[in-house]
Each structure stands twice: as structure tokens, then as C-alpha cells.
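The lines below spell out each chain.
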Amino acid sequence: MTAKADGEDGEDLTVSAPKTWAAGVPAVRASMRYALHEMGPVRTARVLTALNQKDGLDCPSCAWPDPDHRTHAEFCENGAKAVSWEATTKVVDAEFFRRHSVADLESSSDHWLEAQGRLTEPMHLAAGDTHYRPVAWAEAFRLIGSALQALPDPNRAIFYTSGRASNEAAFLYQLMARRLGTNNLPDCSNMCHESSGVALSRSIGIGKGTVTLDDLTDHSELIVIVGQNPGTNHPRMLTALAKAKKRGARIVSVNPLTEAGLNRFKNPQRASGVIGRGTKLSDLHLPISVGGDQALFALVNQQLVAREAAAPGTVLDLDFLATHTAGLEEAQRTWAELDPRDLLAQTGLSADVVTAFVDETVRAKSITVCWAMGITQHRNGVAIIEEMTNYLLLRGNIGRPGAGVCPVRGHSNVQGDRTMGIFERMPETFLAALDDEFEITSPRAHGYDTVDAIRAMRDGHCDVFIGLGGNFAQATPDTAVTHRALRSIPFTAQVSTKLNRSHLVHGREALILPCLGRTDRDERASGPQGVTVEDSMGVVHLSRGRVNPVSAEQRSEVAIICGIAEATFGPTDTIPWADLREDYSLIRDRIARVVPGFDDFNARVAEPGGFHLPNGPRDERRFDTATGRANFRTSPPQAWDLPAGHLLMQTLRSHDQFNTTIYGLDDRYRGIHGGRMVVFLNSQDVADLGFTDGDLVDLISVHAGEERRAAGFRIVEYGTPRGSAAAYYPETNVLVPLDSVAAESNTPTSKSIVIRLEPHHPSET
Ligand SMILES: Nc1nc2c(c(=O)[nH]1)N[C@H]1C(S)=C(S)[C@@H](COP(=O)(O)OP(=O)(O)OC[C@H]3O[C@@H](n4cnc5c(=O)[nH]c(N)nc54)[C@H](O)[C@@H]3O)O[C@H]1N2
Ligand SMILES: Nc1nc2c(c(=O)[nH]1)N[C@H]1C(S)=C(S)[C@@H](COP(=O)(O)OP(=O)(O)OC[C@H]3O[C@@H](n4cnc5c(=O)[nH]c(N)nc54)[C@H](O)[C@@H]3O)O[C@H]1N2
Ligand SMILES: [Mo]
């Protein structure tokens, strides 16, 4: 049998009108279909009834928080897909790898690879071999341990983390890297909310959001949702938004696309959601041009200042500004120099809709701004977030009920991993506490983030790459460059639940280490273990797996890290890896002594629902910045000066994927069925460029005189502003230049790729 790729050539692709509402009965139907197909009835019942319950398991899909009063079915369609995908009974075992060579698997689609089931035993690919072959755990650990010991410099090792790792695993992983002597801890956050972390740390002194779920559901009078598609990526947020709407909150959405989930929500758990029209969510939609948000918020801030000048004391929160902020005068000078016509042109919006947004703003006593990848993955991602924070500061919308910043996180524990030290630049206070606790000397020189890690591999500076989850080969930018870089490394090891491209784009020698997932029961010598996670709003809670692992050979991430560490540092290391491996509460005791806010960790996390981490701006309007105040920071937005015939393209997620995990080939809300090779374009652009709807084109990105090509995309005329295109990730990552990054956060600019189109000639692919 040979591995097969499925019809991603677009042969089965059909396009229908986009949906105007999200969830409802089709969502329930889709959840159950996936669950029963992958898990069967018994596991389905066991997993879905525990999902997001207080004594249950944390959903491994997004980082949206859980409400205090939970329903029996506290999950969404995409959460159900995520757990079904993980708790599947299908397996990828030694026999599978015997049948399929690496070359054979390489020709398969990402969808096919992951759909084969769970990885069940450690596999080794010797240098020059054609097949992965089974290897005992002890031997696998010995191989990595020797590779790490043999390094001439610990900085020739790179330790990547994806945001599903638990707090316990993440803490031990960064400890292992620093004990070895490197801060090379790139993570998915570098490609995700890094811009939020950089901007918020400087503006308000904490790199996280400042609102709780209650703020949103019970207090915010205006919720502004910018660059985020919650209907697909954070579906449980729609329940919270519907609750807010019910008490009269207003919602403004800022997005090039009219996403179904921002428009109307039918809650499948209520009769009205099943038979009724559902809840209208967005009251005002701003169809902004891709990349126009900094200009929008600068324009709005200009107008707020102007309205204050016209009616002093009525628009701005002068007390708050005087007591808690710095830099307003300078910001005002910058705004005064900006030409409002230029700003408006950059947004692509009408003046009326911007005025309507300003009207909404001055009417609302409390405002929350939510955002995600539509903001962070631009070259000016940091500056946009600073300008959005200025917007909130002007009316004192931070640190009181219903008001604040809400960067909506991606992976279920990406925020917790950062808190645990997965960061190439942890502050001195953290490193000093870590050193004290474990009697080690952490290196102080900054390590590589994701983009720098790829550069280091490309330039021959890396000997060992370890991936704790994720799919480095596919999630990263500049696929061709990154693949070459990965292949040049002497040794790669991936700790994974499922087969993916990163196992096939490997170093000269490679290992696959199959781990337990969030749904799996984790038994250690001291009994069944739970792990902890931190959600997008800083709530830390426990998660326990519910189903029996499909293989006795799978190990927990904690056990795998401890195994690698023991093999590297020897059995007499000062860090008691073997003890930590058998009882995760011992890891939590250590975390409690190193990480601020985790005092009494074991006791507090045992409480149902867990506990809130302290948050200076939210709790007491305390801003731990250089000025001790919340800082206005502003810079002039730069217009894109695109050559004729070029468009700015964003890459986004379909409704049937979790990042590089492709569950299926439909994007129901956008009317795409049976394929993913589409490019969404404004109909006027299609005509101007001499194409028609349905044409097959190649996308060519243009950056610093270089061209990159992705071939064979079908044009779909869609409601996106002129000049703004969209296509799915990861198929388009080949177009994202490694050197095209956001200023200061080094985040790949996956939402602003300059492209042109050429007719597709099948013979050329
Ligand atoms: N089911 C599911 N859930 C997920 C994920 C998944 O893949 N599947 N991924 C998880 C992860 S890691 C993350 S980070 C989040 C991602 O969550 P999102 O950020 O919602 O994900 P994207 O699909 O990248 O959507 C970006 C949105 O921003 C809009 N946008 C693009 N460019 C601009 C712009 O210039 N300005 C404005 N205002 N809007 C713009 C797009 O139209 C789109 O609606 O979701 C998490 N949850
Ligand atoms: N062009 C473009 N590129 C992007 C983005 C974009 O919007 N556009 N988004 C970026 C963003 S926001 C992110 S977060 C990154 C995502 O980057 P990653 O986090 O690296 O990628 P994922 O696709 O989430 O990783 C999927 C793999 O994780 C493994 N896995 C799943 N669960 C577990 C687990 O519990 N433990 C372990 N050890 N492994 C597990 C499985 O083997 C699966 O194949 O991609 C980024 N890349
Ligand atoms: Mo993400």
C-alpha cells in the first residue's frame, strides 16, 4: 500500500454563498459526526462529558476561558473535533512505518498524515535509512542524551515548544534547556501573540490581557473585536458575546471579512438557537483594508481628542490620565501631525463608519478591545496594539469592570507556557529564582526565537533540534527555506501525538517520541496525574485525562522530558528528574517557589475552577512599566505602497483545521467545500486583473526583489475590500519571506504578504 494524498488539487472543490450565522444545529451535527467516527460511543461519552468541566479535562483546542456556571455540554464544535482527533482509536504503529517509507509518506497531504491516527511507540530514523524503525525508550533517550552531551556549545541545541504543553511539562522543559546552558526556547507564540506581549509589556507593564470573562459577559458596554474570527477559532466566545448582548452591550467588529460568527450566533444549547434566528452580535462592522488598523485607531484617537477639545471634560477621563498615564502630550503631538485623509485612505473605510465607531466609543462607559492574529501578524503589529491601548487609556478603559485589553490567545496553554519560562528572553528575576531553586546557573544571553532559530539552522549553527509538540516544518514561514534548514541539522527529535510533516522533514538522524495528550489518563508511580494550564484570562486550573491511552508505550510529556534530562545529565544530577517524573505535585511545589503568583499552588489549583493569577493593571491599576504608569506610545502609520497589479494577502484558518492539523476540506461558513486551494478576492480586483471567478492562478509573493510561488489556487470572489486578498495557512506559508517580520516582535507577517497573480499552467507544477 502506498500513502495517498487527497483531492487537494481542487477537483472536488465547490463554492456556495457564505453563511450569515454561526453554530446552531449544523455545529452539533458536525461535532457528533467527528466524535463518533474517531472515538466510538464509549470514548465519546467519556471525553465530551468531562470537557471543560470543573473536575474535568481542559479542551486542547483554544485558550478561551471557562464560565463559572457551566452547562453540561461546555464545548464547541471545534473543541469536539480537537478532542476526537486526539482520542481517536486509530493508530500509527511500527507496522505502519514498515509499510511506508519516509519518501512515500512525504508525498501525502498534511490532512492524510494526521488522519492516520495516534503515534504509539518511539521510532528512530538512522542516518541514510529509508524507514523509521522501532526503538526502545531507553535507547531513544540515550541517543538524544549523547547528542546533547556531544555539543561543543549548548547554544547549538534548539528547544521548540507548541502551546499545548502543560505548565508542568513546560516548566521542566525550560529547566532542562537552561540547565544545559541555553535560552534557545523558540515557541509558537513567536508566530502568534508575540506582538501583544511586546506592546502590552511596555504600555501597561504586563504582557497579558486585563479582563476576566465576567468583565465581558456582565460589564462591558462596548466590545470591539479586531482581527479575530471567534466563530471558528474561539467558538465559546460567541456564547459570552451573546450573554453580553442580552444585557445590552454593543459590539463593533473590525475585519476585512464579514465573518459569520461575528454577525449572528445560534446557541445550539438553547431552544431559541435551534429553531430561532439566533442573536445578532455585531452592531457595527468596519470592513477594513488588510493592514489598516493602526491608521484606524490613530484616526479614532485624533477624533476623541478633537471632541474633548470641543467640549472639555466630557470625552476623556482626565483624572485617570493625570494619575495613571505618561506620554499623552507627545502622543497628541504625533496625532496632530497625521493627515486624517491619509489615515482614512489607509483604512479603506468610509468616513461615516469611522464616525459611527467614535460615537459608539463615547457612548460606552466601559470598553473591552479583543484581538487576535489579524493584528499581531503584521509588520506594524506592535504599533497597532499600542494604538489600540492608547484608545482605551484615553477614556480610562483599563482596570475597572468591563474595561481593558483582551488579546485572545490561540493554543490552549500558550499563555501558561510563557508564564513557566518558555521564552528566549526571560527576565532576570525569573532566571535568578530558577537558579536559586535548582542550584544551577542559567545563561543570561538571549536565545533564538522562531525566526532566528530558522536562520541559525540555515546557517549551520544548530546540531540538535527538539520539538515539544507542534509542527515546526509547516507552521513556520518560508517553507522551502525552512525545510532546507531542518534537513541540514544532524539530529531532530519530535515529541508528538500525531504524524505530521515535521517527522518527514527531518535531520540526518531523527526520532519520533509518542506522547500522551490532554484526553489520555496519565498514571505514574504516585497515582493518576493531572496537569495544569492557564487560559487566555489568566485562570490556572487542573486538567485530567479521561480515556485509556491507545498504547502502553506512549509516555507523558513530563516523563519524556525527564527521560531526556536523565540521559543528558546522568542519574546523580542535582535536579531530581526521576522524582519529578513520578509525582507532578512535586513539580508544582517547585513552580510555586520560582514563578510569581503561584504560592500554595497545589492547594489552590485543587479548588474547583482553579484560581486567577494576579494582574496589576486589572486588580489595582498598577502599571509595572519604566515610568510606573501606563504609557501612551504612538508612531505614524506607514501606508502600503503597492506596485500596480499587486494585492496585500492575509493567510487564515478554515473552519475545518487547527493550525497545521487539517480535520477536513470544508470551510462551511465561507461556503468552501471539498478543497482548500482557494484565494478570496474582491470582484473588482478580479476584473481589473483580467481574471474571472473560478480561474486557477499561481500566487507570487514579492519581497525585497525576491519572488516566491504557490501554484494552483482557484479564484473565489468574496466580500473582502479592494486590494485585500485572503488564502489558507499553511498552504501559503511558502509565500511568507523569512525576513518579513513585525518590527520588534519578530513575528512573521503572515497577514500581510504582497502578492500578484499569474494564470496557472498545470505543466509547470
Ligand atoms: N478551530 C480552531 N481554533 C483555533 C485555531 C485553529 O486553527 N482552529 N488556532 C488557534 C490559534 S494558535 C490561534 S492564534 C487563534 C487564531 O484565531 P484568529 O486570529 O481568529 O485566526 P485567523 O484565522 O488567523 O483569523 C484572523 C482574522 O483576522 C482577520 N484579519 C486579517 N487581516 C486583518 C487586518 O489587517 N485587520 C483586521 N482588523 N483583521 C484582519 C481575518 O479576516 C480573520 O477573521 O485560534 C486558536 N483557535
Ligand atoms: N501563514 C501563517 N502561518 C502561521 C499562522 C498564520 O495565521 N498564518 N499562525 C501561527 C500561529 S498563531 C501558531 S500558534 C503556529 C502554530 O504552530 P504549532 O503549534 O507548531 O503547530 P500546530 O499545527 O498547532 O501543531 C500540530 C501538531 O502538534 C502535535 N500535538 C498535538 N497535541 C499535542 C500534545 O498534546 N502534545 C504534543 N507533544 N504534541 C501535540 C501533533 O503532532 C500535531 O501534528 O502557526 C503559525 N503559523
Ligand atoms: Mo496561535
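This is a predicted model, so every value here is computed, not measured.

A. Summary view of the domain arrangement of the protein chain. Along its sequence, the protein chain is carved into domain 1 (118-191 + 413-611), domain 2 (194-407) and domain 3 (648-764). In this structure, domain 1 and domain 3 have C-alpha centres spaced 33 Å apart. In this complex, domain 1 contributes 18 residues to the contact, which on the side of domain 3 involves 16 residues. Buried surface at the junction of domain 1 and domain 3, summed over both partners, amounts to about 1,400 Å²; 48% is from carbon and sulfur atoms. Scanning the region where domain 1 abuts domain 3 turns up two salt bridges. Between D478 and R708 there is a salt bridge, with its nearest N and O atoms 2.6 Å apart. Along the contact surface separating domain 1 from domain 3 lie twelve residue pairs in polar contact (both at pLDDT 80 or more). Listing elements by their share of the side of domain 1 that touches domain 3, those giving two or more residues are α23 (450-458), α24 (472-475) and α25 (479-487). Here the element with the most residues in the side of domain 1 that touches domain 3 is α23; it accounts for five residues. In terms of residue class, the side of domain 1 that touches domain 3 is built from seven nonpolar, five polar and six charged.

B. Highlighting the sheet that holds strand β33 (residues 753-759). Taken in spatial order, the six strands line up as β25-β32-β29-β31-β30-β33 and close into a barrel, and their pairing is mixed. Strand after strand, the sheet turns through a mean of 45 degrees between neighbouring axes, direction not considered. Inspection of the sheet shows strand β25 (residues 647-652) paired to strand β32 (residues 724-728) by five bridges, in the parallel sense. Within β32, the position partnered with L648 by the bridge is S724.

C. Just the site of ligand 2, in detail. Residues in contact with ligand 2 amount to 31 residues; listed here are only the nearest, E114, Y160, A475, E557 and T660. Between ligand 2 and K498 there is a distance of 2.9 Å, counted from an oxygen atom to a backbone nitrogen or oxygen. Between an oxygen atom of ligand 2 and a side-chain N or O atom of T660, the distance comes to 2.6 Å. The protein chains hide 97% of the 930 Å² of surface that ligand 2 would expose on its own. A per-class count over the shell around ligand 2 returns ten nonpolar, 15 polar and six charged.

D. Molecular detail of unusual backbone geometry. Between Y729 and P730 the backbone carries a cis peptide bond, its omega angle lying at 5 degrees. Residue placement: P730 occurs in the loop between β32 and β33. Positive phi outside glycine occurs at E439, with the angle close to 55 degrees. Relative to the helices and strands, E439 is located in the loop between α22 (428-438) and α23. Unusually for a residue other than glycine, N746 sits at a positive phi of about 60 degrees. Tracing the sequence through the fold places N746 in the loop between β32 and β33.

E. Inspection of the nonpolar core at higher detail. Counting residues in hydrophobic clusters, the biggest one holds 63 residues, and the most contacted among them are L148, F159, F171 and L172. The element best represented in this core is helix α7 (residues 167-180), accounting for nine residues. Beyond its immediate stretch of four places on either side in the chain, L172 contacts V558, I561, C562, W577, L580 and I587. Core analysis: the second largest hydrophobic core is formed by 53 residues, L200, L222, V224 and L338 among them.

F. Representation of the UniProt feature "domain: Molybdopterin dinucleotide-binding" (unreviewed entry) in the protein chain in the model. UniProt's entry tags residues 647-752 with the feature "domain: Molybdopterin dinucleotide-binding" (unreviewed entry), counted in the numbering of this structure. Here residues 647-752 is 6% helix and 39% strand, with 9 Å between the C-alpha atoms at its ends.

G. Seen up close, the sheet that holds strand β21 (residues 531-534). Overall, antiparallel pairing links the three strands, which are arranged β21-β22-β23 in an open sheet. One side of each edge strand has no neighbouring strand; the edge strands of this open sheet are β21 and β23 (611-612). In the sheet, strand β22 (residues 539-543) pairs with β23 via two bridges, with the strands oriented antiparallel. For V539, the partnering residue across the bridge sits in β23 and is H612. On the sheet, α7 packs against β21 and β22 and is oriented at approximately 90 degrees with respect to β21.

H. Region of the structure containing the packing of helix α6 (residues 137-149) against helix α27 (residues 557-569). Following both chains from N to C, one finds α6 and α27 inclined at 55 degrees, their axes separated by 8 Å at the closest point. Compared by their axis directions, α6 and α27 come out oblique. Crossing of α6 against α27: the hand is right-handed. Note on element contacts: α27 touches α6 through A559, I560, G563, I564, A567 and T568, opposite W137, F141, R142, I144, G145, L148 and Q149. A breakdown of the residues in the contact of α6 with α27 according to their chemical character gives eight nonpolar, four polar and one charged.

I. Examining the side chain of E259 more closely. Inspection of the secondary structure assignment puts E259 in the loop between β9 (250-254) and α12 (260-263). At a separation of 2.9 Å, a polar atom in the side chain of E259 contacts the side chain of R670. Once residues within four sequence positions are removed from consideration, E259 is found in contact with N229, L652 and R670.

J. Local environment of the pattern of salt bridges. Per the counting criterion, the structure on display carries 56 salt bridges. R444 is paired through a salt bridge with D435; the nearest N and O atoms lie 2.7 Å apart. Taking the relative accessible area as the measure of exposure, R444 reaches 36% and is therefore partly exposed. When the shortest N-O distance is used, the salt bridge between R722 and D685 registers 3.3 Å. On the criterion of sequence distance, the pair formed by R722 in the loop between β31 (706-717) and β32 and D685 in helix α32 (residues 683-688) is long-range, its members being 37 residues apart. The class for R722 is partly exposed, based on a relative accessible area of 45%. Residue D685 is classed as buried on the basis of its relative accessible area of 7%. Each of the salt bridges in this network shares a partner with another, and the network as a whole consists of K245, R250, D283, E360 and R363.

Cut-offs and rules
- Residues numbered from 1 in each chain as written.
- Chains lettered and ligands numbered in written order.
- Predicted model: local features only at pLDDT ≥ 70, side-chain atom pairs only at ≥ 80, totals over all residues.
- Heavy atoms only, no water.
- Domains from an automatic or database assignment.
- Contact = heavy atoms within 4.5 Å.
- Buried area = accessible area lost by both parts, 1.4 Å probe.
- Salt bridge = Lys/Arg side-chain N within 4 Å of Asp/Glu carboxyl O.
- Polar contact = N/O pair within 3.5 Å; in protein donor to acceptor, adjacent residues only side chain to side chain.
- Helix = DSSP H or I, 4+ residues; strand = E, 2+ residues; numbered from the N terminus.
- Nonpolar A, V, L, I, M, F, W, Y, C, P; charged D, E, K, R; others polar.
- Pairing = 2+ DSSP bridges.
- Axes fitted to C-alpha atoms, helices over the stretch in contact; angles between N-to-C directions.
- Near = heavy atom within 4 Å.
- Areas by Shrake-Rupley, 256 points an atom, 1.4 Å probe, with all protein chains shown as cover.
- Core = buried A, V, L, I, M, F, W, Y, C linked by side-chain atoms within 4.5 Å.
- Buried < 20%, exposed > 50% of the residue type's maximum accessible area, 1.4 Å probe, protein only.
- UniProt positions renumbered as here; feature names shortened; annotations may be inferred.
- Parallel < 35°, antiparallel > 145°, perpendicular 65-115°, else oblique.
- Left-handed = near helix turned anticlockwise from the far one by under 90°.

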